[in-house]
Amino acid sequence: MTVVAGVHEPSLALHVEDLTASYAQQAVLWDVDLNVPPGVLAAIVGPNGAGKSTLLRCIIGAVRPNAGHVYVHGRPYREQRHRVAYVPQRTSVDWDFPTTSLDVVTMGLYGRLGWFRRPRRSEADEALEALAMVGMDAYADRQIAQLSGGQQQRVFLARALVQDADLYLMDEPFAGVDATTERAIVDLLKDLRARGKTVVAVHHDLQTVATYFDWLALLNVRVIAQGPVTEVYTADNLRAAYGPRVVLLGTTDGAPAAAATGAAPGAAAAPVTDPDDGEASATEPSTTEARSPVA
Amino acid sequence: MDLLELLGDFTVRSVALGAALVGLVAGALGSFALLRRQSLLGDTLSHAALPGIALGFLLSGSRSLTPILAGALISGTLAALLVLLLTRSTRIKDDAALGVSLSLFFAVGTVLLTYAQRQVGAAQAGLDAFLFGQAAAVLPSDLTLIGGIGLAAMLALALLWKEFKAITFDADFARSLGLPVLALEALLTVLIAVAVVIGLQLVGVILMVALVVAPAAAARQWTRRLEAMVALAAAFGALAGVAGALVSASARGLATGPVIVLAASALVLASLLVAPERGLAWQAARSWGRRRALGSHRVLVDLLRLGQDHRDPAYASEQGMLDTYFGGPTGHVLRRLRRRGLVERVDHMPEEGAHWVLTPTGQAQARELQVPFGKRPGDEAPR
């Protein structure tokens, strides 16, 4: 047995190299290299249409990239799928689907069950345990259409927890949830980190990114900067990602930028419009004016 | 013939059984079509089966059902592929692509059917029965074939139940679990096509979509679980099938398809109206009940406030004043409250009309209600 065959960057929880993807000939992701060490809470941050959701969907194989490869804990993603849990955007599914919270969480175990086998009592118990971890065990038999937005998000997180993965990929876990749920989700993420898990989350709120996460990748079609949040969360980097008009508070270089007027030379590439990435910008802080001058 | 006689007839019984099975399969798989918003795909599949039916007859040169159904399945699948091709490679959206594919295949089918009916033996083959369905044209050997295919489709659905559920609810998540989503979606579409094809002889290409959509839409009204929805849709489909077959058999010459569809539509109508929670009647009753309760609550609180203003909990308020407070006549509300023992009518000044007081129970209940309506400043002040 050759020990090194297929092993690549084993010290990284997630290693994405040369990833390029496009919709209708327009590049959505261009030559993306992303490296996330194990045991961190990593945020992927960038303006609308930067390709954040597409990046996650490329990693899990829902979008076929034009080029690039994905390694998880040193092995190709295909071999490591059981170690990865994916939490899609809450709004990506029809919540009027006739099912209960417990049933949705049980779907997290379908991969482990394999073909043809039905979930049994023990699977239901595991799912109930995961629901309890997000404080939703009282809603196990609730029709999912009757859940609030925050409760739906918790059910999605429980479905990922029950997978007992090493790497969690989350698309906008804080979108459209109230302050209580946001707090609960942050606690949950920190608990995952304490247990040595790695979380990579698409995030939309520049105000909270430095307090919730310890690793940051700024994305705008290409990776602008990545690394520990203390090093990456700077006015220069954010301006490079969002364009010169972004208004910043409390960046680590201690020089909060005033609202820039006019276009600065060397502005970041204008984001392309990505039909999959049209998130509502309601979650953006009012201090961030992240509109890029797209005609 | 009366019903008992009908059921005693072996042919009628087997046709009813066949129709039940067709309805069962269409109802169960139609539930998935409905949840995937693919109901109209059933319409395209069934209309597009027509050229396959005609070609199956022409190529085999006989009325044998196997080549006809094979042809129907192939041309239906081709039509579904055309829809996929149009939506993927052009700017045409789903609905237009379905329409283009449906009309193209149906036109080709009509031309081929006209040609086929000029061939020898076409009249005996009963090809025109495939348009609106004719139970009388179904042979016992056909029923065996239909039944075999239908049971195979149900078996596939049972085996891949959780996989189909996963891709229908959340395809991206299913992909992340490693499920071959595209292949499963294709298989589900083929199974829906199978459900359509085995019903063509009984229901006909034009109305078969109803048996895919109607039982599922009716079942959706009654339940919160996919398992229950599919089971109920299957039962509704079987019921509609049996009803259609029996009515059609008792009245000579009546096409089976329209009768089956009418039965299925009656189930939809009833479900839309009376199903708990989602039914219109249920929602109207709930909304009416809420409005009525709100009216009672307001009048109770108004009486309490008038009493508080006069520092007399048993203050007799004149009905005209309550009408003004309420913004409309309160007589019926007050009479309802009196029946519940919350208010009493007093006539202490007959020339001024009716006056009303809160009973002690009414006062207690009004005080409980007052909180959500908001207290006025001073209400809490010690007196």
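Predicted model only: the values in this text are computed from it and were never measured.

Reading the values: rules and limits
Residues numbered from 1 in each chain as written. Chains lettered and ligands numbered in written order. Predicted model: local features only at pLDDT ≥ 70, side-chain atom pairs only at ≥ 80, totals over all residues. Heavy atoms only, no water. Helix = DSSP H or I, 4+ residues; strand = E, 2+ residues; numbered from the N terminus. Rg over C-alpha atoms; globule rule 2.2 N^0.38 Å. Buried < 20%, exposed > 50% of the residue type's maximum accessible area, 1.4 Å probe, protein only. Contact = heavy atoms within 4.5 Å. Areas by Shrake-Rupley, 256 points an atom, 1.4 Å probe, with all protein chains shown as cover. Lys, Arg positive; Asp, Glu negative; His and termini not counted. Charge placed at Lys NZ, Arg CZ, Asp CG, Glu CD. Patch = residues over 30% accessible without salt bridge, like charges linked within 9 Å, V, L, I, M, F, W, Y side chains within 5 Å. Salt bridge = Lys/Arg side-chain N within 4 Å of Asp/Glu carboxyl O. Expected span 1.5 Å × (residues − 1). Pairing = 2+ DSSP bridges. Buried area = accessible area lost by both parts, 1.4 Å probe. Polar contact = N/O pair within 3.5 Å; in protein donor to acceptor, adjacent residues only side chain to side chain. Nonpolar A, V, L, I, M, F, W, Y, C, P; charged D, E, K, R; others polar. Axes fitted to C-alpha atoms, helices over the stretch in contact; angles between N-to-C directions. Core = buried A, V, L, I, M, F, W, Y, C linked by side-chain atoms within 4.5 Å. Phe/Tyr/Trp six-rings, centres within 6.5 Å; stacked < 30°, edge-to-face > 60°. Lys NZ or Arg CZ within 6 Å of the ring centre and 35° of its normal.

Q: In this structure, what is going on with the overall build of chain B? I would like to understand it.
A: A tally of regular secondary structure across chain B gives 19 helices and three strands. In terms of overall size, chain B is more extended than a compact globule, its C-alpha atoms giving a radius of gyration of 31 Å where 383 residues would be expected to give roughly 21 Å. Principal axes of the C-alpha set define a box for chain B whose edges measure 100 × 60 × 35 Å. The buried share among the 383 residues of chain B stands at 50%. Long-range pairs, those at least 24 residues apart, make up 70% of the contacts in chain B between residues at least 6 apart in sequence. Accessible surface, chain B: about 17800 Å² in total, of which carbon and sulfur atoms supply 66%. Distance from the positive charge centre (33 side chains) to the negative charge centre (26 side chains) of chain B: 4 Å.

Q: What exactly am I supposed to notice about the overall build of chain A here?
A: Scanning chain A for helices and strands turns up ten helices and ten strands. A total of 295 residues make up chain A; the buried ones form 53% of that total. In chain A, 68% of the contacts between residues at least 6 apart in sequence involve partners at least 24 apart. Accessible area of chain A: about 12600 Å², with a carbon and sulfur share of 51%.

Q: Please explain the side chain of Ser 75 of chain B as it appears in this structure.
A: Structurally, the position occupied by Ser 75 of chain B is in helix α5 (residues 65-89). Setting aside its immediate chain neighbours within four residues, Ser 75 of chain B contacts Ala 48, Ala 49, Pro 51, Gly 52 and Phe 105 of chain B.

Q: In this structure, what is going on with a nonpolar patch on the surface? I would like to understand it.
A: All names here are of chain B. Residues Trp 222, Leu 269, Leu 273, Val 274 and Leu 280 make up a contiguous nonpolar surface patch of roughly 480 Å² in combined accessible area. Element by element, the count of residues in the nonpolar patch is highest for helix α15 (residues 256-274), at three residues. By relative accessible area, which is 52% here, Leu 280 ends up exposed.

Q: I'm lost on α15 of chain B in this one. Help?
A: Because an α-helix packs 3.6 residues into every turn, residues spaced three or four apart end up facing the same way. Residues and elements named next belong to chain B. With 19 residues, α15 extends 27 Å from end C-alpha to end C-alpha; this agrees with the ideal 27 Å at 1.5 Å per step. Every buried residue of α15 is listed here: Thr 256, Gly 257, Val 259, Ile 260, Val 261, Ala 264, Leu 267, Val 268 and Ser 271. Those residues of α15 that are buried are in contact with α8 (129-132), α12 (181-203), α13 (208-222) and α14 (226-250).

Q: How do you make sense of the pairing of strand β3 (residues 41-45) of chain A when you look at a structure like this?
A: All names here are of chain A. The buried count for β3 comes to five of five residues, which makes it a mostly enclosed element. Here β3 shows two buried faces, one formed by Leu 41, Ala 43 and Val 45 and the other by Ala 42 and Ile 44. Taken together, the five bridges between β3 and strand β8 (residues 198-203) define a ladder with parallel strand orientation. Bridging from a neighbouring strand, Ala 43 pairs with Ala 201 of β8. With four bridges joining them, β3 and strand β9 (residues 215-220) adopt parallel strand pairing. Paired with Ala 43 across the strands is Leu 216, a residue of β9.

Q: Looking at this structure, I do not really get the pattern of salt bridges. What am I missing?
A: Pairing between side chains of opposite charge can happen when the charged atoms of each approach one another. Tallied over the full model, the rule gives 20 salt bridges over all chains. Among the salt bridges present, the one from Arg 159 of chain A reaches Asp 170 of chain B, with a minimum N-O distance of 2.8 Å. Highlighted residues: Arg 159 of chain A in helix α6 (residues 149-161) and Asp 170 of chain B in the loop between α10 (161-169) and α11 (171-176), drawn from two different chains. For the pair formed by Arg 159 of chain A and Asp 170 of chain B, the shared burial category is buried. Between Glu 163 of chain B and Lys 162 of chain B there is a salt bridge, and its shortest N-O distance comes to 2.8 Å. For Glu 163 of chain B, a relative accessible area of 2% puts it in the buried group. In this structure, a network of salt bridges that share partners links the residues Arg 83, Asp 164, Asp 166 and Lys 197 of chain A.

Q: Looking at this structure, how should I read the interface of chain B and chain A?
A: Put simply, an interface is often sized by how much accessible area is lost when its parts join up. Chain B puts 29 residues into the contact, and the matching count from chain A is 34 residues. Contact between chain B and chain A buries roughly 2900 Å² in total, counting both sides, with carbon and sulfur atoms accounting for 59%. Ranking the residues of chain B by area buried against chain A places Lys 162, Phe 169 and Phe 173 of chain B at the top, with a combined share of 27%. Scanning the region where chain B abuts chain A turns up five salt bridges. Along the contact surface separating chain B from chain A lie twelve residue pairs in polar contact (both at pLDDT 80 or more). Mapped onto the side of chain B that touches chain A, the elements with two or more residues apiece are α9 (140-159), α10, α11 and α14 of chain B. Looking at the side of chain B that touches chain A element by element, the count peaks at seven residues for α10 of chain B. In the side of chain B that touches chain A, the residues fall into 14 nonpolar, three polar and twelve charged.

Q: Would you explain the sheet that holds strand β1 (residues 317-318) of chain B in this entry?
A: To summarise the sheet geometry, strands pair through backbone hydrogen bonds and adopt either a parallel or an antiparallel arrangement. Residues and elements named next belong to chain B. Spatially, the three strands line up as an open sheet ordered β1-β3-β2, and their pairing is antiparallel. Only two strands of the sheet have a single partner each, and these edge strands are β1 and β2 (343-346). In this sheet, strand β3 (residues 355-358) lies alongside β2 in antiparallel orientation, the contact comprising four bridges. By the bridge assignment for β3, Glu 344 is matched with Val 357. Sheet contacts for helix α16 (residues 280-309): β1, β2 and β3; angle to β3, the most-contacted strand, approximately 90°.

Q: What's the story with the nonpolar core in this structure? I'm lost.
A: Taken as a class, soluble globular proteins show a tendency for nonpolar side chains to be buried jointly. Residues and elements named next belong to chain B. The biggest cluster of nonpolar side chains holds 139 residues, and the ones touching the most others in it are Leu 29 and Leu 200. It is α12 that provides the largest number of residues to this core, a total of 14 residues. Once residues within four sequence positions are removed from consideration, Leu 200 is found in contact with Ser 46, Ala 49, Ile 53, Ala 72, Ala 129, Phe 130, Gly 133, Val 205 and Met 208.

Q: Which parts of the structure should I look at to understand the environment of Glu 129 of chain A?
A: With respect to the element layout, Glu 129 of chain A can be found in helix α5 (residues 121-133). Counting along the chain gives 33 residues from Glu 129 of chain A to Val 162 of chain A, while the straight-line C-alpha distance between them is 8.1 Å.

Q: For this particular structure, what's the right way to read the packing of aromatic side chains?
A: Any aromatic ring pair is given by two values, namely how distant the centres are and how the planes are angled relative to each other. On inspection of all chains with the given rule, the structure shows seven aromatic pairs over all chains. Relative to Phe 169 of chain B, the ring of Phe 97 of chain A lies with its centre 5.3 Å away and its plane at 55°, an arrangement referred to as tilted. With Phe 97 of chain A in the loop between β6 (84-87) and α3 (101-106) and Phe 169 of chain B in helix α10, this pair bridges two chains. The exposure class of Phe 97 of chain A is buried, given its relative accessible area of 3%. Residue Phe 169 of chain B is classed as buried on the basis of its relative accessible area, which comes to 4%. An aromatic cluster is defined as three or more aromatic residues linked by ring pairs; in this entry it consists of Trp 95, Phe 97 and Phe 156 of chain A together with Phe 169 of chain B. Directly above the ring of Phe 156 of chain A sits Arg 159 of chain A, whose terminal nitrogen or CZ lies 4.3 Å from the centroid. Of note, Arg 159 of chain A hangs over the ring of Phe 173 of chain B, and the distance from its end group to the ring centre comes to 3.5 Å.

Q: Mind showing me how you'd approach the sheet that holds strand β1 (residues 14-23) of chain A here?
A: All names here are of chain A. Spatially, four strands are ordered β2-β1-β4-β5 in an open sheet, and the strand pairing comes out antiparallel. Edge positions in the open sheet fall to β2 (26-36) and β5 (75-76), since each of these has one partner strand only. For strand β4 (residues 67-72) and β5, the ladder comprises two bridges, and the chain directions are antiparallel. Across the sheet, the residue bridging to Tyr 71 is Pro 76, located in β5. Strands β1, β2 and β4 of the sheet are contacted by helix α1 (residues 52-59), whose axis makes an angle of about 115° with β1.

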